[in-house]
Amino acid sequence: MKKILIIGACGQIGTELVLELRKRFGNENVIAADIHDMENSQFLGGEYVKMDVLNQEQVRTYVIDNKITEVYLLAALLSATAEKNPDFAWKLNMEGLFTILDLAKDGYLEKIFWPSSIAVFGPTTPKDLTPQYTIMEPSTVYGISKQAGERWCEYYFNKHGVDVRSIRYPGLISHTSLPGGGTTDYAVDIFYHAKKTEKYTCFLSENTGLPMMFMEDAIRATIELMEAPAENVKIRSSYNLSGISLTPKTLSAEIKKHIPNFEISYQIDFRQKIADSWPNSIDDSVAKKDWNWQEEFTMQKMVLEMLSHVDISKI
Ligand code: SER
């Protein structure tokens, strides 16, 4: 019987992943954990634990005592926040991972999901249709932590047989929960401002291309990868996923089709440099071949969903 623990459950991915996993595997088998007091009444259907992923003793004891079989480790600082607090970002993004990898190595977990990111790529990486295997010289603290994490995941798989699985998420776009501290956040913020004031000031320049993905696709990808037979999961560092390639200009033109008075202006900040170091688009043919990945959301479909669902009282 599966018993799943999601650490970082109150974040952008966790909020939706908990609900989807509960739908599939039952409320009683999916436990949400985060450092905050429970903020999200959506989690009321099942157990919620206040947990600090840096408290190794607490995490180990909880996993062992509650016979957890799978962990989704989502607690992390994203790219923009990490640049402001590099020491803490490195500590949080790495120490939590070792705690979970070691629990699996010691035989207490059957499977782990750990998210990586397009941030593992850097300025020397080919920018268009970035391949699965390519030059990786990340230039952000977040990217360095994700690249190191990928190497450790693969090492624990090869050396200790740990069944760890990972996706290099593109920027994630969702209407349920706001992102926090990423460089790709503009692609979520823009919908709230378009609906509320018909104006948005973007912190990236108009032709900055970045790969993005609608959350519903990202959640499905995550669960499909975790449910794939182990022998199909040939990559134990992390899989490229492509999603939709967007620029602020193409996204705002699509929004304008629904909100004709919408206007975008630009005020570039430090996040531009981070975005410039990341790919424009991603080649995910290996994920397609290994575990039959297929995305569903086009830009048009995603924009429609976002405009009809974002709740402007949240900003
Ligand atoms: N969306 C993340 C960020 O912008 C990338 O993984 O930091």
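Computed from a prediction, not measured in an experiment: that's the story for all the values here.

Draft legend 1. Expanded view of the site of the ligand. Every residue lining the ligand is accounted for by Leu78, Ser79, Ser117, Tyr142, Gly182, Thr183, Thr184 and Trp278. A distance of 2.6 Å separates an oxygen atom of the ligand from a polar atom in the side chain of Ser79. The separation between a nitrogen atom of the ligand and a polar side-chain atom of Thr184 is 2.8 Å. Of the residues belonging to the shell around the ligand, the class tally is three nonpolar, five polar and no charged.

Draft legend 2. Molecular detail of helix α2 (residues 56–65). Along α2, the residues classified as buried are Val59, Arg60, Tyr62 and Val63. What you see down the axis of α2 is that its buried residues fit within an arc of 165 degrees, all on one side. Residues Glu57 and Asp65 are exposed on α2 and point more than 90 degrees away from its buried face. Buried-residue contacts for α2 involve β1 (4–7), β2 (30–34), β3 (48–50), β4 (70–73) and α4 (86–105).

Draft legend 3. Expanded view of the sheet that holds strand β11 (residues 210–214). Strand order in this open sheet of three strands is β9-β11-β13, and the pairing throughout is mixed. The sheet terminates laterally at β9 (171–173) and β13 (244–246), the two strands that pair on one side only. Taking each pair of neighbouring strands and ignoring which way they run, the sheet shows an average axis angle of 45 degrees. Pairing between β9 and β11: three bridges, direction parallel. Counted as the bridge partner of Ile173 is Phe214 from β11. Strand contacts of helix α7 (residues 215–227): β9 and β11, with the helix running at about 80 degrees to β11, the strand carrying the most contacts.

Draft legend 4. Local environment of the pairing of β4. Neither face of β4 is left uncovered, since the one carrying Glu70 and Tyr72 and the one carrying Val71 and Leu73 both have all their residues buried. Pairing of β4 with strand β5 (residues 111–113), which is carried by three bridges, proceeds in the parallel orientation. Counted as the bridge partner of Val71 is Ile112 from β5.

Draft legend 5. Seen up close, the environment of Ser117. By secondary structure assignment, the location of Ser117 is in strand β6 (residues 116–117). Along the primary structure Ser117 and Ile167 are separated by 50 residues, whereas in three dimensions their C-alpha atoms are 7.1 Å apart. For Ser117, the contacting residues outside a window of four places in its chain are Tyr142, Lys146, Ile167, Arg168 and Tyr169. Only 2.8 Å separates the side chain of Ser117 from the backbone nitrogen of Ala119, close enough to count as a polar contact.

Conventions used here
Residues numbered from 1 in each chain as written. Predicted model: local features only at pLDDT ≥ 70, side-chain atom pairs only at ≥ 80, totals over all residues. Heavy atoms only, no water. Near = heavy atom within 4 Å. Polar contact = N/O pair within 3.5 Å; in protein donor to acceptor, adjacent residues only side chain to side chain. Nonpolar A, V, L, I, M, F, W, Y, C, P; charged D, E, K, R; others polar. Buried < 20%, exposed > 50% of the residue type's maximum accessible area, 1.4 Å probe, protein only. Helix = DSSP H or I, 4+ residues; strand = E, 2+ residues; numbered from the N terminus. Arc of directions from axis to C-beta. Contact = heavy atoms within 4.5 Å. Pairing = 2+ DSSP bridges. Axes fitted to C-alpha atoms, helices over the stretch in contact; angles between N-to-C directions.

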